[in-house]
Amino acid sequence: MSNLFRAVWESDERKSIEREITANLERLNARMNEMVEKVRADKVATNLKQGVKEAWETAHGPQILNEMQAGLADVLHKLNEEIAKRAQPAQEVKPGEGSAQQTANGEPVGMSAAKPE
């Protein structure tokens, strides 16, 4: 029986089957490794993308809001100054409009009749 087992073990047919099985297992192992690496790469890429997005939002989100608020406050301040400048001349008294009217001799109007003689 050991001679029969040895003959089968050393046969070309068994060695051919062994090579075929070994080659198929190596291909299967290579494909599995490719799939695992692809899944890892996709997961790493997804995690990296999410991390970058979160980092950008964290770093720039409040900064952008602060810059927008500062810009808006500056624009409103300048607008307020411009409105104040334009409103100021309308409130000023122009020469001759606010002063009392005078008669030809320089007396205030309405005062000459009340003057004792």
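Draft legend 1. Structural detail: the overall build of the chain. Summing up its helical and strand segments, the chain has 2 helices and 0 strands in all. By the burial criterion, 2% of the 117 residues in the chain qualify as buried. Total accessible area on the chain is roughly 11100 Å²; 59% of this is exposed by carbon and sulfur atoms.

Draft legend 2. The arrangement of a nonpolar patch on the surface in detail. Judged by side-chain polarity, I17, I21, L25, L28, M32 and M35 come together as a nonpolar surface patch covering roughly 600 Å² of accessible area. Accessibility expressed as a relative area gives 44% for I17, which makes it partly exposed.

Draft legend 3. Summary view of the packing of aromatic side chains. Evaluated as defined, the whole model comprises 1 aromatic pair. Plain terms: the ring middles of F5 and W9 are 6.4 Å apart, the flat faces sit at 20° to each other, and that makes the pair stacked. Of this pair, F5 and W9 both sit in helix α1 (residues 2–9), separated by 4 residues, roughly a single helical turn. Of the two residues, F5 and W9, neither departs from the other in class, the shared state being exposed. Directly above the ring of W9 sits R14, whose terminal nitrogen or CZ lies 3.8 Å from the centroid.

Draft legend 4. How the structure looks around the pattern of salt bridges. Throughout the structure, instances matching the rule amount to 4 salt bridges. E82 is paired through a salt bridge with R86; the nearest N and O atoms lie 2.9 Å apart. Of the two residues, E82 and R86 are both situated in helix α2 (residues 12–91); the distance of 4 residues between them amounts to about one turn of the helix. We classify E82 as partly exposed; its relative accessible area is 33%.

Draft legend 5. Expanded view of the side chain of R14. Along the chain, the position of R14 falls in helix α2. On the basis of relative accessibility, which here comes to 18%, the residue R14 falls in the buried class. A polar contact is formed between the side chain of R14 and the side chain of E18, at a distance of 2.5 Å. Apart from the residues within four sequence positions on either side, R14 is in contact with V8 and W9.

Definitions and cut-offs
- Residues numbered from 1 in each chain as written.
- Predicted model: local features only at pLDDT ≥ 70, side-chain atom pairs only at ≥ 80, totals over all residues.
- Heavy atoms only, no water.
- Helix = DSSP H or I, 4+ residues; strand = E, 2+ residues; numbered from the N terminus.
- Buried < 20%, exposed > 50% of the residue type's maximum accessible area, 1.4 Å probe, protein only.
- Areas by Shrake-Rupley, 256 points an atom, 1.4 Å probe, with all protein chains shown as cover.
- Patch = residues over 30% accessible without salt bridge, like charges linked within 9 Å, V, L, I, M, F, W, Y side chains within 5 Å.
- Salt bridge = Lys/Arg side-chain N within 4 Å of Asp/Glu carboxyl O.
- Phe/Tyr/Trp six-rings, centres within 6.5 Å; stacked < 30°, edge-to-face > 60°.
- Lys NZ or Arg CZ within 6 Å of the ring centre and 35° of its normal.
- Polar contact = N/O pair within 3.5 Å; in protein donor to acceptor, adjacent residues only side chain to side chain.
- Contact = heavy atoms within 4.5 Å.

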